[in-house]
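# Remarks on the overall topology
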Amino acid sequence: MQITNLPSPLNRQLAGKNLIVFDGACVFCSAFFRFMLRHDRAQIFHYATAQSPLGQALYTALNLPLVDFETNLVITHGEIHQRLDAFAAAMAELPSPWHCASLTRHLPKALKDAIYKLIARNRYRIFGRYDACLIPDAALKARFLDLT
């Protein structure tokens, strides 16, 4: 799906931006966020938590659950990616060796969905859950679209 299919206010806010939306209460999802911060040296990505107003607006527009977040979202070059394709899209924007992980996009859809669902359904049980969402320090606030 393209961001141009989103309601106009969201389309305008996201135009020209790459964005990762993650579950800020999920330890595993937050680790992915920290990984991206560390390896996205060109700082091409902005971030939002699924619990933020922007995250909630995106999940609403995409008819996704607003509480038990089944997928992360990655927007690159105006295209919205979900599940394992979101991971692949994020990895495609990183330098080597991380770029190689983008090859997961070529796995059969049934296999990608099965892998993603297995992790997503068990992530809180295996990795844990934070009591509150991440609160970025002043240096990170500029990278969060919902906080600027």
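First things first, this report covers the structure right here in the doc. (Residues numbered from 1 in each chain as written. Predicted model: local features only at pLDDT ≥ 70, side-chain atom pairs only at ≥ 80, totals over all residues. Heavy atoms only, no water.)

## Overview of the overall build of the protein
- Secondary structure assignment for the protein yields six helices and four strands.
- When the helices and strands of the protein are read in sequence order from the N terminus, they spell out α-β-α-β-α-β-β-α-α-α.
- For the protein, the C-alpha atoms occupy an extent of roughly 35 × 35 × 30 Å along the three principal directions.
- Within the span of the protein, comprising 148 residues, buried residues form 43% of the whole.
- Taken as a whole, the protein presents about 8000 Å² of accessible surface, with 59% of it coming from carbon and sulfur.
- The average position of the 16 basic charges and that of the 11 acidic charges among the side chains of the protein differ by 2 Å. (Helix = DSSP H or I, 4+ residues; strand = E, 2+ residues; numbered from the N terminus. Buried < 20%, exposed > 50% of the residue type's maximum accessible area, 1.4 Å probe, protein only. Areas by Shrake-Rupley, 256 points an atom, 1.4 Å probe, with all protein chains shown as cover. Lys, Arg positive; Asp, Glu negative; His and termini not counted. Charge placed at Lys NZ, Arg CZ, Asp CG, Glu CD.)

## Observations concerning the pairing of strand β2 (residues 45-49)
- When you tally the buried positions in β2, you get four out of five residues, the bulk of the element.
- Examined bridge by bridge, strand β1 (residues 18-22) and β2 share five bridges and lie parallel to one another. Among the inter-strand pairings, V21 is bridged to a residue of β2, identified as A48.
- As a crossover connection, the stretch from β1 through helix α2 (residues 27-39) into β2 is right-handed. (Pairing = 2+ DSSP bridges. Right-handed = clockwise from strand over helix to strand, strands pointing away.)

## With respect to the pattern of salt bridges
- In this structure the tally under the stated criterion is five salt bridges.
- With a shortest N-O distance of 3.8 Å, D113 and R83 are connected by a salt bridge. Of this pair, D113 sits in helix α5 (residues 109-127) while R83 is found in helix α4 (residues 83-92), placing the two residues 30 residues apart along the sequence.
- The exposure class of R83 is partly exposed, given its relative accessible area of 29%.
- Of the charged contacts, one joins D113 and K109 as a salt bridge, the two residues approaching to 2.7 Å between their closest N and O atoms. With a gap of four residues between them, D113 and K109 both fall in helix α5, about one helical turn apart.
- Residue K109 is classed as exposed on the basis of its relative accessible area of 54%. (Salt bridge = Lys/Arg side-chain N within 4 Å of Asp/Glu carboxyl O.)

## Here we look at the packing of α2 against α4
- Remark: α2 packs on α4, axes separated minimally by 11 Å, with the N-to-C direction vectors making an angle of 15 degrees. On the basis of the axis angle, α2 is roughly parallel to α4. The two elements α2 and α4 cross, and the hand of that crossing is left-handed. Here α2 contributes F32, F35 and M36 to the contact with α4, which in turn contributes F87, A90 and M91.
- Counted by class, the contact of α2 with α4 contains six nonpolar, no polar and no charged residues. (Axes fitted to C-alpha atoms, helices over the stretch in contact; angles between N-to-C directions. Parallel < 35°, antiparallel > 145°, perpendicular 65-115°, else oblique. Left-handed = near helix turned anticlockwise from the far one by under 90°. Contact = heavy atoms within 4.5 Å. Nonpolar A, V, L, I, M, F, W, Y, C, P; charged D, E, K, R; others polar.)

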